[in-house]
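Architecture and fold: a report
The lines below spell out each chain.
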Amino acid sequence: MNGGDEVVAAPAGPPQPLDWKFSQVFGERTAGEEVQEVDIISAIEFDKTGDHLATGDRGGRVVLFERTDTKDHGVPRRDLERMEYPIGRHPEFRYKTEFQSHEPEFDYLKSLEIEEKINKIRWCQTANGALFLLSTNDKTIKFWKVQEKKVKKISDMNLDPSKAVGNGSIASSSSPKHCLANGGSPDRSYNYLGNDFSFPPGGLPSLHLPVVVTSQETNLVARCRRVYAHAHDYHINSVSNNSDGETFISADDLRINLWNLEISNQSFNIVDVKPANMEDLTEVITSAEFHPTHCNTLAYSSSKGSIRVIDLRQSALCDSHAKLFEEPEAPGSRSFFTEIIASISDIKFARDGRYILSRDYMTLKLWDINMDSGPVATFQVHEYLRPKLCDLYENDSIFDKFECCLSGDGLRVATGSYSNLFRVFGCAPGSTEATTLEASKNPMRQVQTPSRPSRSLSSITRVVRRELITGAENPGVDANGNAFDFTTKLLHLAWHPTENSIACAAANSLYMYYA
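Residues numbered from 1 in each chain as written. Predicted model: local features only at pLDDT ≥ 70, side-chain atom pairs only at ≥ 80, totals over all residues. Heavy atoms only, no water.

One pass over the full model with this rule turns up 22 aromatic pairs. Taken together, a centroid distance of 6.1 Å and an interplanar angle of 70° make the contact between Phe22 and Tyr513 edge-to-face. Linking Phe22 in strand E1 (residues 21-26) with Tyr513 in strand E32 (residues 509-514), this pair joins segments that are 491 residues apart in sequence. The interplanar angle of 40° and the centroid separation of 5.6 Å between the aromatic rings of Phe422 and Tyr513 together place this pair among those described as tilted. Of the two residues, Phe422 is situated in strand E28 (residues 421-426) and Tyr513 in strand E32; the sequence distance between them amounts to 91 residues. On the accessibility criterion, Phe422 (0% relative accessible area) is buried. Classification of Tyr513 by relative accessible area gives buried; the value is 1%. Ring-pair connections join several aromatic residues into one group, and the members of that group are Phe22, Phe422, Tyr511 and Tyr513. (Phe/Tyr/Trp six-rings, centres within 6.5 Å; stacked < 30°, edge-to-face > 60°. Helix = DSSP H or I, 4+ residues; strand = E, 2+ residues; numbered from the N terminus. Buried < 20%, exposed > 50% of the residue type's maximum accessible area, 1.4 Å probe, protein only.)

Set out below in structure tokens:
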């Protein structure tokens with residue numbers, strides 16, 4: 001190298017694909033075990049610290065899990081990170097508590113049954129060691145406080161149980177006496193009504209005041225602080241907290257309402273897409289979320305595949321959007337299923353608020369909030385299902401609502417699919433990471449070991465046709481020749497806010513993975 005040559009640093013390439021490993025499972029099914037409908041998980045959410053995880057199910061229950069590996073050695077995890085202390089342990093959670101959040105209801109005015117199923121859970125800011133969260137079913141949002149309370153016990157009554165009779169009178173142990181109905185004795189030695197108070201020696205033995213003492217034991221108590229009801233005519237699909245810590249939004253098919261956490265009997269309608277004539281209805285709201293840091297900004301998605309960003313400072317009713325994100329339709333690609341599969345089922349802001357991730361039926365799309373000409377990246381989730389859209393439409397699977405999530409560093413995105421599979425994609429420039437994992441104790445099973453010998457396309461088609469005709473459980477095969485199952489679907493998953501750790505729900509089981 002000559003003395004005058006400059007040393008140019010090689011550009012850093014995209015991060016290496018992650019090596020995912022199984023961490024834990026809660027509620028694992030044994031082979032052939034029947035899953036109860038009420039036990040199927042319908043919502044998952046990490047809190048901002050990642051130390052708590054909440055799940056909701058179709059039976060209206062909320063189950064809380066608490067991280068345990070950060071509490072070892074008495075040194076907080078953040079201090080260990082500051083000391084650059086190597087943390088070799090993977091995240092471990094334990095069951096903390098559960099409570100019944102919603103019960104089935106009946107709307108007598110509309111003759112409508114309201115399911116208890118939890119649609120969404122959102123963590124609120126903690127205060128004084130108590131946990132706060134919002135949970136919602138189709139119609140009613142509830143604000144919960146979960147707190148450790150010291151157990152109060154009644155101290156000993158200093159009363160010999162062998163001598164207690166009825167309402168507290170004392171029975172002699174020597175000779176039986178005739179007792180009256182209320183526990184008194186006809187030959188009593190003292191008279192309550194008369195002026196003759198003749199007490200037995202030593203005073204009234206039956207008069208003991210109970211003393212309440214607080215023990216060192218603690219009990220987790222979940223208390224419903226507020227109920228936000230009667231504000232939605234249609235099913236609530238989203239709840240999202242504002243970064244101001246005081247307000248939140250709830251969205252149904254046609255309206256988005258703004259609430260104050262402290263006020264449960266009043267909300268403000270900020271978006272209303274309901275037409276004057278319902279026959280003119282062309283699109284509905286499918287998901288809504290507040291910006292993570294700007295308390296005046298929120299985004300909502302629609303069944304037409306568009307995302308609108310609105311600014312609460314512009315007007316009280318935000319029917320006009322500040323920004324619109326939608327991908328123009330490719331010419332000649334239109335079919336009967338185009339609009340159905342374009343419907344966005346979930347949107348998430350990246351942690352810094354710069355990007356929005358959206359999930360439609362076939363793809364994940366990443367949008368730059370400063371560029372509304374189209375998505376900056378599109379990821380094909382299960383493209384091999386495209387020839388089977390007709391079958392998916394007939395068994396209603398095409399209307400399944402898959403959720404999506406981003407890693408805390410914004411370098412990766414994840415979403416679910418059928419056969420309890422989920423996919424992780426790298427979204428850094430130049431990244432080709434696209435990992436398929438299965439919600440099981442061996443997450444890489446689908447990728448590393450082919451489940452059956454490869455077959456010609458014609459034989460695969462024959463098998464699919466036969467399965468559809470005979471109504472078999474697995475009507476299809478994926479690109480690798482693996483059978484996929486429409487009945488097992490991974491709809492709900494969440495990424496830990498600061499680490500490469502994913503929690504996902506397969507029916508009633510909660511699986512956790514780390515990389």
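Text resumes after the structure shown.
What follows concerns empty space enclosed by the protein. Taken as a whole and assessed by the stated rule, the structure comprises one cavity of 30 Å³ or more. By volume, the largest cavity is sized at about 40 Å³. In this structure, the largest cavity is lined by Lys120, Arg122, Ser238, Val239, Ser287, Ala288, Glu289, Asp346 and Ile347. Secondary structure elements with two or more residues in the lining of the largest cavity: strand E8 (120-123), strand E14 (238-241), strand E18 (285-290) and strand E22 (346-349). The element best represented in the lining of the largest cavity is E18, accounting for three residues. (1 Å grid on protein atoms, 1.4 Å probe; cavity = no way out; pocket = protein on both sides within 12 Å on 5 of 7 lines; lining within 4 Å. Points joined across faces, edges and corners; volume = space filled by probe spheres on them.)

Here the focus is the sheet that holds strand E27 (residues 412-416). What the four strands build is an open sheet, ordered E26-E27-E28-E29; its pairing is antiparallel. Each having just a single partner strand, strand E26 (404-406) and strand E29 (434-438) make up the two edges of the open sheet. Strand-to-strand twist in this sheet, taken as the mean axis angle between neighbours without regard to direction, amounts to 20°. (Pairing = 2+ DSSP bridges. Axes fitted to C-alpha atoms, helices over the stretch in contact; angles between N-to-C directions.)

So, on to the sheet that holds strand E21 (residues 323-325). Sheet architecture is open: four strands sit in the order E18-E19-E20-E21, paired in antiparallel fashion. The open sheet is flanked by E18 and E21, the only strands paired with a single partner. Mean inter-strand twist for the sheet, computed between neighbouring axes without regard to direction, equals 20°.

The next thing to look at is the pairing of E22. The side chains of a regular strand alternate between the sheet's two faces. In E22, alternate side chains face the same way, and those of Asp346 and Lys348 on one face and Ile347 and Phe349 on the other are all buried. As defined by bridge partners, E22 adjoins strand E23 (residues 355-359) across four bridges and the pair is classed as antiparallel. Its bridge partner lying in E23, Lys348 is registered against Leu357.

Take the nonpolar core next. Of all hydrophobic cores here, the largest spans 17 residues; its most connected members are Trp20, Phe422, Val424, Leu493, Ile502 and Cys504. Per-element accounting of this core gives the leading share, three residues, to strand E31 (residues 501-506). Among the nonpolar cores identified, the runner-up in size contains 13 residues, and Ala251, Leu258, Ile310 and Cys318 belong to it. (Core = buried A, V, L, I, M, F, W, Y, C linked by side-chain atoms within 4.5 Å.)

Attention now goes to a positive patch on the surface. A contiguous patch of positive charge, built from Lys149, Lys152, Arg223 and Arg225, is present on the exposed surface. Those elements that provide at least two residues to the positive patch are strand E10 (141-154) and strand E13 (212-228). Exposure remark for Arg225: the relative accessible area of 32% places this residue in the partly exposed category. (Patch = residues over 30% accessible without salt bridge, like charges linked within 9 Å, V, L, I, M, F, W, Y side chains within 5 Å. Areas by Shrake-Rupley, 256 points an atom, 1.4 Å probe, with all protein chains shown as cover. Salt bridge = Lys/Arg side-chain N within 4 Å of Asp/Glu carboxyl O. Lys, Arg positive; Asp, Glu negative; His and termini not counted. Charge placed at Lys NZ, Arg CZ, Asp CG, Glu CD.)

Under the counting rule described, the total for this entry stands at 26 salt bridges. Lys110 is the salt-bridge partner of Asp233, the closest N and O atoms lying 3.7 Å from each other. Linking Asp233 in the loop between E13 and E14 with Lys110 in the loop between strand E6 (105-107) and strand E7 (112-114), this pair joins segments that are 123 residues apart in sequence. When its relative accessible area of 43% is taken as the criterion, Asp233 is described as partly exposed. Salt bridges here are not isolated pairs; linked through shared partners, they connect Lys110, Asp233, Arg255 and Asp272.

Let us look at the pairing of E31. By the criterion of burial, E31 is predominantly enclosed, with six of the six residues buried. Burial along E31 is two-sided: the face carrying Ser501, Ala503 and Ala505 and the face carrying Ile502, Cys504 and Ala506 are both buried. Pairing analysis gives three bridges linking strand E30 (residues 493-495) to E31, with the strands arranged antiparallel. The partner of Trp495 across the bridge, within E31, is Ile502. The antiparallel pairing of E30 with E31 creates a hairpin that spans five residues between the two strands. Of the pairings in the sheet, the one linking E31 to E32 comprises six bridges and is antiparallel in character. Bridged to Cys504 within E32 is Tyr511. Counted along the chain from E31 to the antiparallel partner E32, the turn is two residues long, and its residue Ala507 has a positive phi close to 55°.

Together, Phe336, Tyr393 and Phe399 make up a nonpolar patch on the protein surface, roughly 320 Å² of accessible area in all. Judged by relative accessible area, which is 41%, Phe399 ranks as partly exposed.

In short, shape yes, function no, at least from these values alone.
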